[in-house]
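Coordinates in review
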Amino acid sequence: LRMNEGKSHRLHSGPASKYCPKLLVHEDDMLDSVAEKYLGDIISKDGNNTKNIKNRTTKAMGIITDIKNILKVLCLGHYEFEMAMILRESMFLSAMLLNAETWHELTQENIEELEITDRFLLKRILKVPDSTPSIALYLEFGIVPIKYLIKAKRILYLHNLLNRPKESMIVRVLKAQEKKPSKGDWLSTVLKDI
């Protein structure tokens, strides 16, 4: 009986190397994959975040509908906008920015796609036209754009890593990136954020 034959896939990112081991599942070669979902993120063979961001914005659009329905059903009076911001934080941002502290090499297009979705929610909450300037939305609610939230999450995660035991695997990976930095690695990204 062969269990989980279809659940194990090999996903190699970067150039091929003679040091990459041959992976087996029940004595058979493991199947190759170009993208896999792992812990809520879509990991792509090419290393870019496009599929992951697309997945997050699609999920976020469903959450926007849920938030609009909650606000419509509840009689909140002058607390409506305060509740809208609580729902944005707890439902929308928590789902859309899950694991964002580990994302690296986000392109300007990736960030813009996330921010477009956020601005769509804010415009629906205020019931304003799509032509409303983005800065007016952030000023009205007293919030910051998503790109700054991602940077803050990365910096806080770096703080967490620096306070872990030096022999832990994740700290050793961080030290390896510090000794041999490569373009677009996580440590280089968070140092730019700082």
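Predicted model, so just to flag it, every value in this text is computed and none were measured. (Residues numbered from 1 in each chain as written. Predicted model: local features only at pLDDT ≥ 70, side-chain atom pairs only at ≥ 80, totals over all residues. Heavy atoms only, no water.)

**Let's talk about the pairing of strand S6 (residues 41-44)**
What counts, and what does not: What makes two strands pair is DSSP finding at least two bridges between them. A run of DSSP states H or I qualifies as a helix once it reaches four residues; a run of E qualifies as a strand once it reaches two. Both are numbered from the N-terminal end.
Looking at chain direction, strand S5 (residues 35-38) and S6 are connected through four bridges and run antiparallel. Bridge assignment links Ala 35 to a residue of S6, and that residue is Ser 44. Linking S5 back to S6 in an antiparallel pair, the connection comprises two residues, with Leu 39 at a positive phi of about 50°.

**Focus: the layout of surface pockets**
Rules: Cavity means a closed set of points on a 1 Å grid over the protein atoms alone, one where a 1.4 Å probe fits but cannot get out, pocket means an open set with protein on both sides within 12 Å along at least 5 of 7 lines, and lining means a residue has an atom within 4 Å of a point. Grid points are joined across faces, edges and corners, and a volume is the space filled by probe spheres set on the points. Amino acids are sorted into nonpolar (Ala, Val, Leu, Ile, Met, Phe, Trp, Tyr, Cys and Pro), charged (Asp, Glu, Lys and Arg) and polar (every other residue, Gly among them).
Considered as a void within the structure, the largest pocket measures approximately 790 Å³ in volume. As for the largest pocket, its lining consists of 24 residues, and the residues nearest its centre are Ile 43, Thr 102, His 104, Gln 177 and Trp 186. Going through the elements one at a time, S6, helix H5 (146-162) and helix H6 (169-179) are the ones with two or more residues in the lining of the largest pocket. Of the residues assigned to the lining of the largest pocket, the class counts are 10 nonpolar, 10 polar and four charged. In this structure, the second largest pocket occupies an estimated 320 Å³ of space. If you go around the second largest pocket, you meet 15 residues; those closest to its centre are Glu 105, Leu 106, Arg 154, Thr 189 and Lys 192. Going through the elements one at a time, helix H3 (108-126), H5 and helix H7 (186-193) are the ones with two or more residues in the lining of the second largest pocket. Per-element accounting of the lining of the second largest pocket gives the leading share, four residues, to H7. Here the lining of the second largest pocket is built from residues that sort into two nonpolar, five polar and eight charged.

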